[in-house]
Amino acid sequence: MSAPAIVTVAHHVPFLDQLAARWMAEVDDDPQRTGAGLILLPSRRAARALTEAFLRRADGRALLLPRIAPIAALDEAALALSGEAALELPPAVETVRRLATLTLLVLQAGEAFGDVRTVDQAWPLARALADLMDEAEWAECDLRERLPEAADGDFAQHWHLTLKFLSIVTSAWPAWLEEQGVMNPVARQVALLHAQAAHWRENPLPAGQRLWAAGFADAVPSTIAVLRTVLDMPDGRLVLPPVDLGMEEETWQALPPGHPQAGTARMLRDLGVTRDMLGVWDELPPGCAAAAPAGRAALLSAALLPAPALGRWLDPAPAPALEGLSVLHAADQQEEAAAIALILRHAIERRGHVAALVTPDRALAGRVATELARWGVVADDSAGEGLATTPQATFLRLIAQAVDGGLSPVALLSMLKHPLAACGLSPGNCRASARLLERAVLRGPAPPPGIAGLRAALSRATADEYGALADAPDAPQELSAFIDRLEAALAPLLSHASAPAEVVDLLSALIEVGQALATTDDADGASRLWSGEEGNALGQHLAEMLTWCDVLPAQRIGALDGLVASSLAGVSVHGRRALRGREQAAAHPRVFIWGLLEARLQTAGTLVLGGLVETVWPPATDPGPWMSRPMRARICLPSPECAIGQAAHDFIACACAAPRVVLSVPGRRQGAPTVAARWMVRLDAYLSGRGASLPAHPALSWLEQLDRPPGAPAPVAPPRPCPPVALRPRSLSVTEIETWMRDPYAIYARRVLGLKRLADLEEMADAADYGEIVHAALERWFTRHPDHWPEDGEARMLATFDEVLAEARLRPALAAWWAPRLGRIARWCAMTEAARRADGAPRVVMTELSGRMELSGFSFGAFTLRGRADRIDRDADGGLSLFDYKTGTLPTLRSVMAGWQSQLVLEAAMIEAGGFAPQAAGRVTELVYWRLTGGHVAAQALDIARGEKLSELIAGCRAGLRGLIAAYDDPQQPYLSHPYPGEEPRFADYAHLARVAEWSAAREEDMG
């Protein structure tokens, strides 16, 4: 009896080892006859893995391998059997050339699909058009014939407009292809497959030349044509991955597209094959262990039955086969990656044991590779990484963003602190210079745009703001010279910053700038940018962009970053992410990270299936921007749910490809809660109905033991610094006294340690700037009108505020926002001041006076109090009124009387002690706060105290200050952080340094 032409390999049998063993067994393991024939496989990775399976089978013997060809990479060189028909086909259009030309057509379509005006907007649409054409060509759907029918009937007008836009692919693009004498790549691939099938039908392989096709779980029409031809060969055979032979025929015939076996069922129907025609290879090859325990495939098949067949869950069944199967429920992506790395690290302690992570989530793959490096293990990540995420591509994009942003601080520092940036210096010198530039120029309000703005900001900087960095190990360059270097390096791009330029010129300038910035004192920038697999791939891509983007219209530099990002989307490279910084290390021979394509047909000792959440594995179903699901069905395009079916097939195949399988489900991803993959939900429900559940893998407990110290957690104690009294400050301002009371640690950090909070990058104008404008306007007004009130006082007050606002040179939007508020303040001040002067004008109005008061009689010497009064009025009787302007929150009367907000009272004490100018000496009779916000209630006045009550308040405040000074003259008195709950400071610049968040929670629990 002859062997069946179509066979399937049982789930527990290693597929490729079985394939190699059967191939060799049919020629009695003759090493010379083994090489006679051809094996077709779905992918290059499967072809490489089959080669390794043959070598394992040969066990060191010399062996002639058969030809092994991946059908997905078919061309004349791969098979060389397609005949003259293949040679007559036009060449395939280059990928970048196709996208550049489609981008031009999208731009020429005007507003047919939205307001698309720039190449960075049009390029993604061009890619979507290319994807639509590829999908239609794989399905052998003639868009020119079918698209006009796609939106007939009651479809929304939007879809009719979309189809009008798609005339690009039905008329303009075919005409361009014919004019250029090229073909779409997929159309050529399909034609090659049909030519190959026709050639084999007309010229069968000679006797003794076997032709097998193996590993196909689904197939497009052109691949079906090849597989039919294989089956027609005398020695042809089709070897399928595991097929569910136990499923009822009625269920099999109605599988939804999202089922794991849907693609295989569809392929068998297209081939005219039924399941009863399949042979089964279920015996393990000699020397091979089972890929998975018996019963696991049946468990997963039952759990994933389609909805109409779920009644079978009620049938009696043996206990679920959970041996070697476990689940990992991590809190988030980082915990998931760390736990998976531990699982892989633990697995390879077994001699000869192979461990792999399988995931479509490239971010998870990168995290796991990084975590494995902690153990000195470099994983072989065969799925590669996106070319757009490589250091070289990131560096070029940062350059484009910096120039487009006018060298704004964040964008400029992102570029300068990239590892490739050097500006002709050593990388260390460049980094130190960038830090120096940051402290001197870029912190605080953003400087004006461009190189001129950097120079202007540098001219206003003071050396004491950044001089400490000069002692760094890599000494920075003098800043004016460093800015000169920047200008020279960025010049090619800066020259295009003000006007549109040809896309090719922008790309050439970007490359030139990248090389200039990457140049070090001993290495050429080109060698640093374009070396290695990643640099070489990026260089080739940009060379193609320079070759084919000359058809695109001129663009402003703002489109450059988006164009580079769009052109790199979806382009992968076999990067060296795991080896960065470990150039001497080698990939571990038994640890792998596979994407879903790489994992197909593979086996291992331990497999971790990572990222089992909706929208990752399985992917999100998206019909694309061009057609709805009903429209796709009308023109016979595959359902988007077919991708779910393929992902489900990969899940089942991987779950049965190793004795030990861990199913990993993170609880959160990118900060948001996740939904477990539908297969995990099904499996949990199925097991729950049988009183079982997946056992939890212990990796999370390993992680806790690894990274957490033994014993119960103990909160950190609040800091209690006690510096020598000689180091403690002997002079503070009146505003610092409040800080001294509410947060002594802040005084310690600022005045003893000398720490000063750095301003934010690109710091926006805030309440402090608003307050400065108000103070400056009132000072100018009272300086001009110290003792009389003009008839047009309100108009002049408004004019003074407008004048100061104009001098502040704020952003136009901010100035327009603040102007009405300042106007309301000016009118309130004019009205209030006119009312005050109606009772008698002050003899003298003094503004912005600085004063000092020395307090003596302490063990360690005198203490000096400093202050600056916003306004002091002397009335006809010689009494003094003290004003303080607040543009934020007013102090409460209770807080002032209790001494917590004593700024104004301390200033009064300084006045009575003669701490200000002689004309401001005397008795204070009035303390007034003006709250000037310009809001719905423009302003309000708070009168603190008068007469004897005021005198008592001043005396009490002076005594309290002396007590505070005396307390801190005690060497044992610590500078505590936030010592009084309920009286914390409003602005705590040193809370992070004092670790307030760590110990305050414990204090609140104790108090509760």
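As the structure is a prediction and not an experimental result, all values here were calculated from the model.

On a plain count of helices and strands, the chain comes out with 39 helices and 22 strands. Here the C-alpha radius of gyration of the chain, 38 Å, is well above what a compact globule of 1008 residues would show, namely 30 Å. C-alpha atoms of the chain, sized along the principal axes, occupy 125 × 70 × 65 Å. Put simply, the chain has 1008 residues, and 49% of those count as buried. Contacts in the chain between residues far apart in sequence, at least 24 positions, make up 77% of those at least 6 positions apart. Across the chain, the 94 positively charged side chains and the 120 negatively charged ones have centroids separated by 4 Å.

The next subject is the sheet that holds strand β12 (residues 591-594). What the 6 strands build is an open sheet, ordered β7-β14-β13-β8-β12-β9; its pairing is parallel. Each of the sheet's edge strands pairs with one partner strand only, and the pair in question is β7 (325-330) and β9 (380-381).

Turning to a nonpolar patch on the surface, a few remarks are in order. Residues Leu-753, Leu-755 and Leu-993 make up a contiguous nonpolar surface patch of about 240 Å² in total accessible area. Following the sequence through the fold, Leu-753 ends up in the loop between α32 (744-752) and α33 (767-784). For Leu-753, a relative accessible area of 41% translates into the label partly exposed.

Next up on the list: the packing of helix α24 (residues 532-548) against helix α25 (residues 560-568). Two elements in contact, α24 and α25, have axes separated by 12 Å at closest approach and are oriented at 115 degrees. Here α24 lies roughly perpendicular to α25, going by the angle between them. When the axes of α24 and α25 are compared, the crossing they make is right-handed. Contacts between α24 and α25 involve Leu-538, His-541 and Met-545 on the former and, on the latter, Leu-563, Ser-567 and Leu-568. When its residues are assigned to classes, the contact of α24 with α25 shows 4 nonpolar, 2 polar and no charged.

Per the counting criterion, the structure on display carries 0 disulfides. Here Cys-642 stays unpaired: no disulfide links it, and the sulfur of Cys-636, its closest cysteine neighbor, is 13 Å away.

Another point: the pairing of strand β2 (residues 37-41). The element β2 is largely enclosed, with a buried count of 5 among its 5 residues. Judged by which residues are buried, β2 turns out to be covered on both faces: Gly-37, Ile-39 and Leu-41 on one side and Leu-38 and Leu-40 on the other are all buried. When β2 meets strand β4 (residues 210-214), the two strands line up parallel, connected through 4 bridges. Counted as the bridge partner of Leu-40 is Ala-213 from β4. Bridge count for β2 against strand β3 (residues 67-70) is 4 bridges, and the pairing is parallel. Residue pairing across strands places Leu-41 opposite Pro-70, the latter belonging to β3. Once the chain exits β2 it traverses helix α2 (residues 44-58) before rejoining the sheet at β3, and the crossover so formed is right-handed.

In this description, a pair of aromatic rings is defined by centroid distance and the angle of the planes. Enumeration over the complete set of coordinates arrives at 17 aromatic pairs. When the centroid spacing of 5.3 Å and the interplanar angle of 70 degrees are considered together, the rings of Trp-313 and Tyr-686 count as edge-to-face. Taken together, the residues span a long stretch of sequence, with Trp-313 in the loop between α14 (296-303) and β7 and Tyr-686 in helix α29 (residues 678-689) at a distance of 373 residues. We note that Trp-313, like Tyr-686, is buried. Over the ring of Phe-782 we find Arg-871, and its NZ or CZ is 4.2 Å from the ring centre. The ring centre of Phe-883 lies 4.2 Å from the NZ or CZ of Arg-871, which sits over that ring.

This part is about the nonpolar core. Counting residues in each nonpolar core, the largest one holds 102 residues, and the members touching the most others are Ile-399, Met-415, Leu-437, Leu-486 and Leu-517. Among the elements that take part in this core, helix α6 (residues 119-138) stands out by supplying 11 residues, more than any other. Leaving out residues up to four positions away in the same chain, Leu-437 has contacts with Leu-412, Leu-416, Leu-442, Leu-479, Phe-482, Ile-483 and Leu-486. Counting 51 residues, the second-largest nonpolar core is a separate cluster that includes Tyr-748, Cys-957, Ala-991 and Ala-994.

Once that is clear, we can look at the domain arrangement of the chain. The domains assigned to the chain are domain 1 (6-88 + 189-290), domain 2 (95-182), domain 3 (325-384 + 579-707), domain 4 (387-536 + 554-573) and domain 5 (754-855 + 866-957). In this complex, domain 2 contributes 22 residues to the contact, which on the side of domain 3 involves 12 residues. Of the roughly 1,500 Å² buried where domain 2 meets domain 3, counting both sides, 73% is carbon and sulfur surface. If you look at where domain 2 meets domain 3, you find 1 salt bridge. The residue Arg-632 makes a salt bridge to Glu-135 at a minimum N-O spacing of 2.4 Å. One can count 1 residue pair in polar contact (both at pLDDT 80 or more) joining domain 2 with domain 3. Going through the elements one at a time, α6, α7 (143-146) and α8 (157-165) are the ones with two or more residues in the side of domain 2 that touches domain 3. By residue number, the principal contributor to the side of domain 2 that touches domain 3 is α6, which donates 6 residues. Counted by class, the side of domain 2 that touches domain 3 contains 17 nonpolar, 1 polar and 4 charged residues.

The rules behind the values
Residues numbered from 1 in each chain as written. Predicted model: local features only at pLDDT ≥ 70, side-chain atom pairs only at ≥ 80, totals over all residues. Heavy atoms only, no water. Helix = DSSP H or I, 4+ residues; strand = E, 2+ residues; numbered from the N terminus. Rg over C-alpha atoms; globule rule 2.2 N^0.38 Å. Buried < 20%, exposed > 50% of the residue type's maximum accessible area, 1.4 Å probe, protein only. Contact = heavy atoms within 4.5 Å. Lys, Arg positive; Asp, Glu negative; His and termini not counted. Charge placed at Lys NZ, Arg CZ, Asp CG, Glu CD. Pairing = 2+ DSSP bridges. Patch = residues over 30% accessible without salt bridge, like charges linked within 9 Å, V, L, I, M, F, W, Y side chains within 5 Å. Areas by Shrake-Rupley, 256 points an atom, 1.4 Å probe, with all protein chains shown as cover. Salt bridge = Lys/Arg side-chain N within 4 Å of Asp/Glu carboxyl O. Axes fitted to C-alpha atoms, helices over the stretch in contact; angles between N-to-C directions. Parallel < 35°, antiparallel > 145°, perpendicular 65-115°, else oblique. Left-handed = near helix turned anticlockwise from the far one by under 90°. Nonpolar A, V, L, I, M, F, W, Y, C, P; charged D, E, K, R; others polar. Disulfide = S-S within 2.5 Å. Right-handed = clockwise from strand over helix to strand, strands pointing away. Phe/Tyr/Trp six-rings, centres within 6.5 Å; stacked < 30°, edge-to-face > 60°. Lys NZ or Arg CZ within 6 Å of the ring centre and 35° of its normal. Core = buried A, V, L, I, M, F, W, Y, C linked by side-chain atoms within 4.5 Å. Domains from an automatic or database assignment. Buried area = accessible area lost by both parts, 1.4 Å probe. Polar contact = N/O pair within 3.5 Å; in protein donor to acceptor, adjacent residues only side chain to side chain.

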